[in-house]
Amino acid sequence: MGVSEPFITSKTLSLVYRIPISRIEKFWESLKEGRVLATRCKNCQTLRFPPSATCPSCFSPDVEWVELSGEGVVETYTKIMAAPASFSGEAPYTVVVARMKEGVKVLAWYEGENISIGMKVRLLAKEEHGSLTYRFVPWDEQGD
Amino acid sequence: MKEVAVIGVGQTKFGKRRDASLSELAVDALKDALEDSEAEKREIKFLSVGNFGLSSEDITPAALVAEQAGLQGTTTMRCEAACASGSAAFYAAWLAVSSGIFDIAVALGVEKMTEVETPTMIEILGRAGSYFWEFHEFGVTFPAYYALYATAHMNKFGTREEDLALVAVKNHKYGARNPLAQFQNEITVEDVLSSRMIAWPLKLYDCCPISDGAAAVVLASKEKVKELGVDTPVWIKGIGVSSDTSTMGNRANFIGLRSSIEAAQLAYKMAKVEAKEIEVAEVHDCFTIAEILAYEDLGFCKKGEGAKLIREGETEIGGRIPVNVDGGLKAKGHPLGATGVSMIVELTKQLREEVEPSRQVPLKKYLALAHNVGGTGQYCYVTVLGR
Ligand SMILES: [Zn+2]
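All figures in this text were calculated on a predicted structure; none of them were measured in a lab.

Colleague: Please clarify how the overall build of chain B should be interpreted in this entry.
Modeller: Helix and strand counts for chain B come out as 14 helices and 11 strands. Here the C-alpha atoms of chain B give a radius of gyration of 19 Å, agreeing with the 21 Å that 2.2 N^0.38 yields for 387 residues. By its C-alpha atoms, chain B is 55 × 45 × 40 Å across when sized along the principal axes. Classification of the 387 residues of chain B by burial places 65% in the buried group. Residue pairs at least 24 apart in sequence account for 77% of intrachain contacts in chain B once pairs closer than 6 positions are excluded. Here chain B displays about 13100 Å² of accessible surface, and carbon together with sulfur accounts for 50% of that area. Here chain B contributes 41 positive and 51 negative side-chain charges, whose respective centroids are spaced 4 Å apart.

Colleague: What is the right way to look at unusual backbone geometry in this model?
Modeller: Comment: phi is negative for the bulk of residues other than glycine, and the bulk of peptide bonds are trans. For the bond from Phe49(A) to Pro50(A), the omega torsion is -5 degrees, close enough to zero to count as cis. As for its placement among the helices and strands, Pro50(A) is situated in the loop between strand 2 (47-48) and strand 3 (63-67). Put simply, Trp200(B) and Pro201(B) share a cis peptide bond, and its omega is 5 degrees. Following the sequence through the fold, Pro201(B) ends up in the loop between strand 5 (197-200) and strand 6 (202-203). Despite not being glycine, Leu54(B) has its phi angle at roughly 75 degrees, a positive value. Summarising the element assignment, Leu54(B) is placed in the loop between strand 2 (46-50) and helix 2 (61-68). Phi at Lys272(B) takes a positive value of approximately 55 degrees, unusual for a residue other than glycine. Along the chain, Lys272(B) falls in the loop between helix 10 (258-271) and strand 9 (280-282).

Colleague: How do you make sense of the confidence of the model for chain B when you look at a structure like this?
Modeller: The predicted structure's coordinates, where accompanied by low pLDDT, should not be read in detail. With 100% of its residues at a pLDDT of 70 or more, chain B shows a mean pLDDT of 97. Across the interfaces of the predicted complex, the ipTM metric reaches 0.96, alongside a pTM of 0.97.

Colleague: Help me understand a nonpolar patch on the surface in this model?
Modeller: Taken together, the side chains of Leu13(A), Leu15(A), Tyr17(A), Ile19(A) and Leu54(B) define a hydrophobic patch exposed on the protein surface, amounting to about 540 Å² of accessible area. Within the secondary structure, Leu13(A) sits in the segment before helix 1 (25-32). The exposed category is assigned to Leu13(A), whose relative accessible area is 67%.

Colleague: Which parts of the structure should I look at to understand the layout of surface pockets?
Modeller: It is a probe the size of a water molecule, rolled over the atoms, that shows where empty space is left. Considered as a void within the structure, the second largest pocket measures approximately 380 Å³ in volume. Taken together, 16 residues form the lining of the second largest pocket, with Ser131(A), Leu132(A), Thr133(A), His136(B) and Glu137(B) sitting closest to its centre. For the lining of the second largest pocket, the elements supplying multiple residues, two or more each, are strand 8 (131-138) of chain A together with helix 5 (131-138) of chain B. Sort the elements by how many residues they give to the lining of the second largest pocket and strand 8 of chain A lands first, with 4 residues.

Rules behind the numbers
Residues numbered from 1 in each chain as written. Chains lettered and ligands numbered in written order. Predicted model: local features only at pLDDT ≥ 70, side-chain atom pairs only at ≥ 80, totals over all residues. Heavy atoms only, no water. Helix = DSSP H or I, 4+ residues; strand = E, 2+ residues; numbered from the N terminus. Rg over C-alpha atoms; globule rule 2.2 N^0.38 Å. Buried < 20%, exposed > 50% of the residue type's maximum accessible area, 1.4 Å probe, protein only. Contact = heavy atoms within 4.5 Å. Areas by Shrake-Rupley, 256 points an atom, 1.4 Å probe, with all protein chains shown as cover. Lys, Arg positive; Asp, Glu negative; His and termini not counted. Charge placed at Lys NZ, Arg CZ, Asp CG, Glu CD. pLDDT = per-residue confidence, 0-100. Patch = residues over 30% accessible without salt bridge, like charges linked within 9 Å, V, L, I, M, F, W, Y side chains within 5 Å. Salt bridge = Lys/Arg side-chain N within 4 Å of Asp/Glu carboxyl O. 1 Å grid on protein atoms, 1.4 Å probe; cavity = no way out; pocket = protein on both sides within 12 Å on 5 of 7 lines; lining within 4 Å. Points joined across faces, edges and corners; volume = space filled by probe spheres on them.

Here you go:
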């Protein structure tokens, strides 16, 4: 069972997926305008993040877009030191799950010095390396 | 519903198995399980194969394994439930026999994780959640998902990094007594605390290794057990399965796994036993925090008292409920699809009092529990076994 066991190298399989976003495209359009949206079911009022074009509770397709206020409280966090291959060079980065004032939770990177559970954070839409995303920052920061 | 027994078990050594392919490892385990049972190969008409996949070349392994085992013509399929894929296969085989459709079934778990480079494997594991919203955007790794739980548990209950380290120390201690375990060395709390930080507060020695391996079990109905004259059948007394959100952000809390709590309650109810009656357990310790959560979620102690349980040595042999005395995922290794089946292999041997004497748990009621988590509680399977 040593490392010098004979082997044959397989053919290369390159996997890149085209992930459809047609049904929730408004989420990215709004990020561009600096807003982070969730969806709310008009039938049963379920608020949903990540957004969903069909309500997971009642299957109603009648959902509306709701802007999140951006006010959240840290529920838990971790600082990633060992990054996966596709994030090499990015580490360390801090991942936070915060409960937003509206009730939904959001997982995103946190850009700031100190972090602790129960701390108030602000959720901001952001453009980074030409792509749209969202981040937590300390509450008293207004963002770019 | 028919009563079902485990009548044969087999497992390969876990570790870097560069000497064998996926189907070769699978057949090694299957052959051992069949030899351990009173059944004949020609009687096997159902074979479920637990395999997470992606890290080895064959993406449809069930038919290949069946062919290599000379079992073409059997009812077969791959079962996938992330790190609980082996338990999914075990569950399928149990359903096959308990339903009365088959009187014998084989559940096999196999994984080859070292055929790809380690960073590729980390990439694959990180995707075992909500790819789009959590991996693609934020590069959340598998250790990081559990670290979210560790942080919350430490904050709420005062669990310390030293307590997490004790889990690794215990599991290495027993791994060193299990010839099938990947790691055969004991470690200290200091070794764990000084190891490289992976995702705070989890360090390298808080994490299970990347492993290759296979395990197989033969199941039979009560009628078949009688017909074959099986000496020491191990009965499946209860099985519970539950699930939780794929997206971490949508979890109700980070201090316990909902799927573990629910699966355990279902299994105890079916088995008509209470947590305190269990005498030996295999729990899913992919990361040290996961074992602490399991103590609490399975009812071995109250919520928040998991650290106290390990600190007081209650989960060692001689303690109230010995846990992972084969080394657990941490030291035995965690070849994803093989793990759930391997837990049944170990507990069957414990209940037959056949393991190495230095790690045999003394038994009175002969009740054992296996707890296998897929992902970060996306799936959970709990099985109660007894003599
Ligand atoms: Zn609805």
